[in-house]
Amino acid sequence: MVSWKEEWKPLLLIVASFLVIVTLPLEWMQQGQRLENALWESLYLLRWYAQEHVILCLIPAFFIAGALAAFLNQGAILKFFGAQASKWLSYSVASVAGTLLAVCSCTVLPLFAGIYRMGAGLGPATAFLYASPAINVMAIVLTARVLGFEMGVARAVGAIGFSVLIGLCMHVIFHREEQKKKAIQAQLPEAEASRPLGQSALFFGAMVGILIFANWTEPASGTGMTALIFSLKWLITTALAILLGIVMVRWFGFRWQYLAMIALLGALAFALFPHVPLVPFTVAVVALSWFLSRQEGEMGTWIQTAWDFTKQIMPLLFFGILIAGALLGRPGQEALIPSHWITSVVGDNSFQANFLAAVAGAFMYFATLTEIPILQGLMGSGMHKGPALALLLAGPALSLPNMLVIRSILGTYKTMVFVVLVVLMATLSGMMYGYIF
């Protein structure tokens, strides 16, 4: 006897695959070499992502995620994000974290995986997952400057409110599981900090600073504080790297001989490639990884955990980016789904227009800040303000690669609920904003 409660997933997969195959519009896709364009767009998008985001964004994020597991005891995470933590404290920290981390929907994944696996509650963890790519200060300021002050305010208010509301909804929907987790955590002995808070704050602050400033984006205007920071980004990043090395040697057991060798290799790479900062950055990262792997204890655990996250997340990200590129292409380029299909249905403030904008944003991949010029072009082509906000609230926080990795961490059902909550809230917010403005 077949138990369909257990076999519904393979049945659904087979039926869905069959329906896709029998309805493939091959004749339409053949016109204008659309299939060939989709192939090239997927490869171009993957190459662009690898060039722009892997070394400067993902690798520092993997190191931070590994360090969370290696150097912070579980009690430190549970204090802020655990099932027993104060809701006001946990959701405040999760939502405000986004203002500090200018990361995309993929870079946040190692950090999310790190805090969730160490016992963070589902609500605060998903609030952090949504907030970090959606709220950063640079994106809000640029949105207000390019798309209008009211759009910038609406994005800031919507993103902060969404992060808390989505987290609370996830907590309520999966309340039974959270209660079990709370009961287990209540029985855990209160762990003592392995080192003073100031030492850990300097260590993690230096790594987060490297992630932020190494990825600082050149502003449209050549003046102002953001332009000054951009001109000094590599000096600031280098200073933070030196601080990180000193902290590692003094308080975390890293050998000073290894630090000296990393500094020497980085300086040599800079001397050979003075105008390509990515080269000395890469050399330093590779050298650090090698020397960490030569140590025992916390240092060895750090690189091992970072490597485990890399093995789990990177293949799914690359596969998701290939699929996203094949379906939607790069900004300004055509793939399987023509861009005019999207713009033709988002010219009003109907539920359908806002919903389709939110869904399209959820599946597209937006690097940090790239959603703003893309939306500027779409609004110039007739996109209504309501769907524009819906795309802004769903797009940066989600993407197809992002969903694939979240599924590997939370499972299919929780991931589906999270995505549906983001899309529906973005849709309703877009309709409200479009009605007011």
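Described in the following lines is the structure provided in the data block. Sequence order sets the numbering: in each chain, residues are counted from 1 along the sequence as written. Totals for whole chains, interfaces and linings use all residues, but because this is a predicted model, local features are given only for residues with pLDDT of at least 70 and pairs of side-chain atoms are given and counted only at 80 or more. Side-chain measures here rest on the full set of heavy atoms in the structure, leaving out hydrogens and waters.

**Re the overall build of the protein**
Counting its regular elements, the protein contains 22 helices and 0 strands. Partly exposed residues are those whose accessible area sits between 20% and 50% of the maximum for their type, while under 20% is buried and over 50% is exposed, using a 1.4 Å probe and protein chains only. Burial status across the protein gives 48% buried among its 437 residues. Considering only contacts in the protein between residues 6 or more positions apart, those separated by 24 or more positions represent 81%. Per-residue and other accessible areas were derived by the Shrake-Rupley procedure at a 1.4 Å probe size, with only the shown protein chains allowed to occlude residues. When the accessible surface of the protein is totalled, it reaches about 21,500 Å², and 70% of it is carbon and sulfur. Per the convention used, a helix needs a DSSP run of H or I reaching at least four residues, while a strand needs a run of E reaching at least two, with both numbered from the N terminus. Two residues form a contact once any of their heavy atoms are found within 4.5 Å.

**Let's talk about the side chain of Ser-429**
Topologically, Ser-429 is positioned in helix H22 (residues 412–436). In the analysis that follows, any N or O atom pair within 3.5 Å is treated as a polar contact, provided that within protein one partner can donate a hydrogen and the other can accept it, and provided that, for residues neighboring in sequence, both atoms belong to side chains. Within the structure, Ser-429 has its side chain in polar contact with the backbone oxygen of Met-425 (distance 2.9 Å). Not counting chain neighbours up to four residues away, the residues in contact with Ser-429 comprise Phe-162, Leu-389 and Leu-393.

**Quick look at the environment of Met-432**
Summarising the element assignment, Met-432 is placed in helix H22. Expressed as a C-alpha distance, the spacing of Met-432 and Asn-349, which sit 83 residues apart in the sequence, is 9.0 Å.

**Description of helix H21 (residues 400–410)**
In terms of burial, H21 is a largely internal element, 8 of the 11 residues being buried. Among the structural elements, helix H6 (108–117), helix H7 (122–135), helix H16 (297–328), helix H18 (351–363) and H22 are those in contact with the buried residues of H21. Positive backbone phi, approximately 95°, marks Gly-411, located one or two places after H21.

**Notes on H16**
Given a helix with a known number of residues, its expected span is that number minus one, times 1.5 Å. With 32 residues, H16 extends 46 Å from end C-alpha to end C-alpha; this agrees with the ideal 46 Å at 1.5 Å per step. The angle between axes fitted to the seven-residue stretch ending at a residue and the seven-residue stretch beginning at it gives the bend at that residue. A bend of about 30° at Ile-313 is the largest found in H16, and the proline Pro-315 appears one to four places after it. Gly-329 sits one or two positions beyond H16 and adopts a positive phi of about 70°.

**Here we look at a nonpolar patch on the surface**
Taken together, the side chains of Val-345, Phe-351, Phe-355, Leu-356, Val-420, Leu-424 and Leu-428 define a hydrophobic patch exposed on the protein surface, amounting to about 560 Å² of accessible area. Within the fold, Phe-355 resides in helix H18. Residues form patches when they are more than 30% accessible in relative terms and have no salt bridge. Like charges link within 9 Å. Nonpolar side chains (Val, Leu, Ile, Met, Phe, Trp, Tyr) link within 5 Å. Criterion for a salt bridge: a side-chain nitrogen of Lys or Arg within 4 Å of a carboxyl oxygen of Asp or Glu.

**Here's the deal with the packing of aromatic side chains**
Aromatic rings from Phe, Tyr and Trp, taking only the six-membered ring of Trp, are treated as a pair when their centres fall within 6.5 Å; an angle between ring planes under 30 degrees marks them as stacked, one over 60 as edge-to-face, and anything in between as tilted. Under the defined criterion, the tally for this structure stands at 15 aromatic pairs. A centroid spacing of 5.1 Å and a plane angle of 80° characterise the contact between Phe-71 and Phe-203, whose relative ring orientation is edge-to-face. Of the two residues, Phe-71 is situated in helix H3 (residues 34–71) and Phe-203 in helix H11 (residues 197–214); the sequence distance between them amounts to 132 residues. Ring centres of Tyr-130 and Phe-162 lie 6.0 Å apart, and the angle between their planes is 50°; on these two criteria the pair is classed as tilted. Pair noted here: Tyr-130 is in helix H7 and Phe-162 is in helix H9 (residues 149–173), with a separation of 32 residues, a long-range link. The pair Tyr-130 / Phe-162 is uniform in exposure class, with both members buried. Taken together through their ring pairs, the aromatic side chains of Phe-63, Phe-71, Phe-203, Phe-204, Phe-252 and Trp-302 make up a single cluster. By the criterion adopted, a ring carries a charge over it if an Arg CZ or a Lys NZ lies within 6 Å of its centre and within 35 degrees of its normal. Its guanidinium or amino end placed over the ring of Phe-174, Lys-414 lies 5.1 Å from that ring's centre, counting from NZ or CZ.

**Here's the deal with the pattern of salt bridges**
Taken as a whole and assessed by the stated rule, the structure comprises 3 salt bridges. In this structure, Glu-177 and Lys-414 form a salt bridge, with 2.7 Å as the shortest nitrogen-oxygen distance. Residue Glu-177 is found in helix H10 (residues 175–186), and its partner Lys-414 is found in helix H22; the two are separated by 237 residues along the sequence. By relative accessible area, which is 11% here, Lys-414 ends up buried. Residues Asp-308 and Lys-311 are paired through a salt bridge, measuring 3.7 Å at the closest nitrogen-oxygen approach. With Asp-308 and Lys-311 both in helix H16, this residue pair falls 3 residues apart, about one helical turn. In this structure Lys-311 comes out as partly exposed when scored by relative accessible area, which is 45%.

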